[in-house]
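Topology and contacts: notes
Listed here are the chains, written in short residue letters.
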Amino acid sequence: MKYFVKTPWLLKKIYSSYIWSIPTKEKILYLTFDDGPHPEITPFVLNELKKYSALASFFCIGKNVLAYPETYKYVLDEGHCVGNHTQNHLNGWKVPNDVYMKDIAEAANYIDSSLFRPPYGKITMFQAKNLSAAMKGRKAKVIMWDVLSADFDENISKEQSLQFVVLRSLPGSIIVFHDSKKAFAKLTYTLPKILHHFTEQGFKFLPLQTD
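In short, a report on the structure. These figures come from a predicted structure and were not determined experimentally. (Residues numbered from 1 in each chain as written. Predicted model: local features only at pLDDT ≥ 70, side-chain atom pairs only at ≥ 80, totals over all residues. Heavy atoms only, no water.)

1. A word on unusual backbone geometry
Counted only if it meets this: Helix and strand assignments follow DSSP, with helices taken as H or I runs no shorter than four residues and strands as E runs no shorter than two, numbered in order from the N terminus.
The amide bond that connects Gly36 to the next residue, Pro37, takes the cis arrangement and shows omega of 0 degrees. Relative to the assigned elements, Pro37 resides in the loop between strand 1 (28-34) and helix 2 (41-51). A positive phi is found at His89, a non-glycine position, where the angle reads about 55 degrees. Its place among the elements puts His89 in the loop between strand 3 (81-84) and helix 5 (97-108). The phi dihedral of Tyr120 falls on the positive side, at around 65 degrees, and the residue is not glycine. Residue placement: Tyr120 occurs in the loop between strand 4 (115-116) and helix 6 (125-129).

2. A look at the side chain of Ser149
Formally: Working definition: with a 1.4 Å probe on protein chains only, accessible area under 20% of the residue-type maximum means buried, over 50% means exposed, and in between means partly exposed. Residues are treated as being in contact if the distance between any of their heavy atoms lies within 4.5 Å.
Tracing the chain through its elements places Ser149 in the loop between strand 6 (147-148) and helix 8 (158-168). Take Ser149: its relative accessible area is 0%, and that puts it in the buried class. Among all residues touching Ser149, those that are not within four sequence positions of it are Ile156, Ser161, Phe164, Val165, Val176 and Phe177.

3. Comments concerning the nonpolar core
Cut-off, in case you're wondering: Only buried residues count toward a nonpolar core, which is a set of Ala, Val, Leu, Ile, Met, Phe, Trp, Tyr and Cys residues joined through side-chain atoms within 4.5 Å.
Within the largest apolar cluster, 31 residues are counted, with the highest numbers of intra-cluster contacts made by Leu31, Phe33, Leu49 and Phe58. Where this core is concerned, the elements lending two or more residues are strand 1, helix 2, strand 2 (57-60), helix 4 (69-77), helix 8, strand 7 (174-178) and helix 9 (181-200). With six residues, helix 9 is the largest single contributor of residues to this core. In contact with Leu49, other than residues within four places in its own chain, are Leu31, Phe33, Ala54, Ala56, Phe58, His80 and Leu195.

4. What about a nonpolar patch on the surface?
The test is simple: Patch membership requires over 30% relative accessible area and the absence of a salt bridge. Like charges are linked within 9 Å, and nonpolar side chains (Val, Leu, Ile, Met, Phe, Trp, Tyr) within 5 Å. In these tables, accessible area is a Shrake-Rupley quantity obtained with a 1.4 Å probe, and a residue counts as shielded only by the protein chains included in the view. Salt bridges are defined by distance alone: a side-chain nitrogen of Lys or Arg within 4 Å of a carboxyl oxygen of Asp or Glu.
A cluster of nonpolar side chains, namely Trp9, Leu10, Ile14, Tyr15 and Met125, defines an oily patch on the protein surface of about 560 Å² accessible area. Residue contributions to the nonpolar patch peak at three residues, all from helix 1 (residues 9-14). Relative to the helices and strands, Trp9 resides in helix 1. Residue Trp9 is classed as exposed on the basis of its relative accessible area, which comes to 63%.

5. Concerning helix 2
The element helix 2 is largely enclosed, with a buried count of eight among its eleven residues. All of the buried residues along helix 2 are Ile41, Thr42, Pro43, Phe44, Val45, Leu46, Glu48 and Leu49. Buried positions along helix 2 lie against strand 1, strand 2, helix 4 and helix 9. Where helix 2 terminates, the next one or two residues include Ser53, which has phi positive at roughly 50 degrees.

6. Description of the state of the cysteines
Under the convention used in this document: When the sulfur atoms of two cysteines come within 2.5 Å, that pair is taken as a disulfide.
Applying the stated rule across the entire model yields zero disulfides. We note that Cys60 lacks a disulfide partner, and the nearest cysteine sulfur, in Cys81, lies 9.4 Å from it. For Cys60, a relative accessible area of 3% puts it in the buried group.

7. Overview of the packing of helix 2 against helix 9
This is how the line gets drawn: To obtain an axis, a line is fitted to C-alpha atoms, over the contacting stretch when the element is a helix, and the angle between two such axes runs from 0 to 180 degrees between their N-to-C directions. Throughout this description, any angle smaller than 35 degrees is read as roughly parallel, any larger than 145 degrees as roughly antiparallel, any in the 65 to 115 degree range as roughly perpendicular, and the remainder as oblique. Following the grouping adopted for this structure description, the nonpolar residues are Ala, Val, Leu, Ile, Met, Phe, Trp, Tyr, Cys and Pro, the charged ones are Asp, Glu, Lys and Arg, and the polar ones are all others, Gly among them.
Two numbers describe how helix 2 lies on helix 9: the axes approach to 10 Å, and their chain directions differ by 5 degrees. Comparing the axis directions of helix 2 and helix 9 gives the class roughly parallel. Across the interface between the two elements, Ile41, Phe44, Val45, Glu48 and Leu49 of helix 2 pack against Lys181, Phe184, Leu187, Thr188, Leu191, Pro192 and Leu195 of helix 9. Partitioned by chemical class, the residues of the contact of helix 2 with helix 9 number nine nonpolar, one polar and two charged.

Have a look at this one:
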């Protein structure tokens, strides 16, 4: 694996202007879903969340919002929050700054949010500093994560993905899943079990704050 399932404290300290978790003593978790909306997978997620009165945050790709506006509206109607995940899922380390910023700005036309999550977690300091301007003047927040489910990784099992989340999540953890085709097989297994497990432990699931 070439990624951290649990984000190291040193990385959080170095990039302290980004939001990695929400410090709290209460039993609260922040579930996030990247790369949607998807017309079949996102409704599955929404239905599972509803069973537990759980609210979450969906970091949407602009082109998918355009392709599936009714699914996007469904996310909002259910009371979840949304965030900008670029228009075309660009890697900020691999494209020119002007291309990246224009892509974010395009997505901001369709996603009304101050929250931004860089695809692959890759963003430069220049890009981060200019994020608010690209997002139509909104006071942008870069949302990273504390725990990665690795549901996108074809080399790990659904059982491993479940354990990554169950064993590493703490009060205030921001946890990443994906409402995408690549992740769907694992998500159908892990999400119901995670919701059940942490509800039994007395946890609540809340959306991230957008103001």
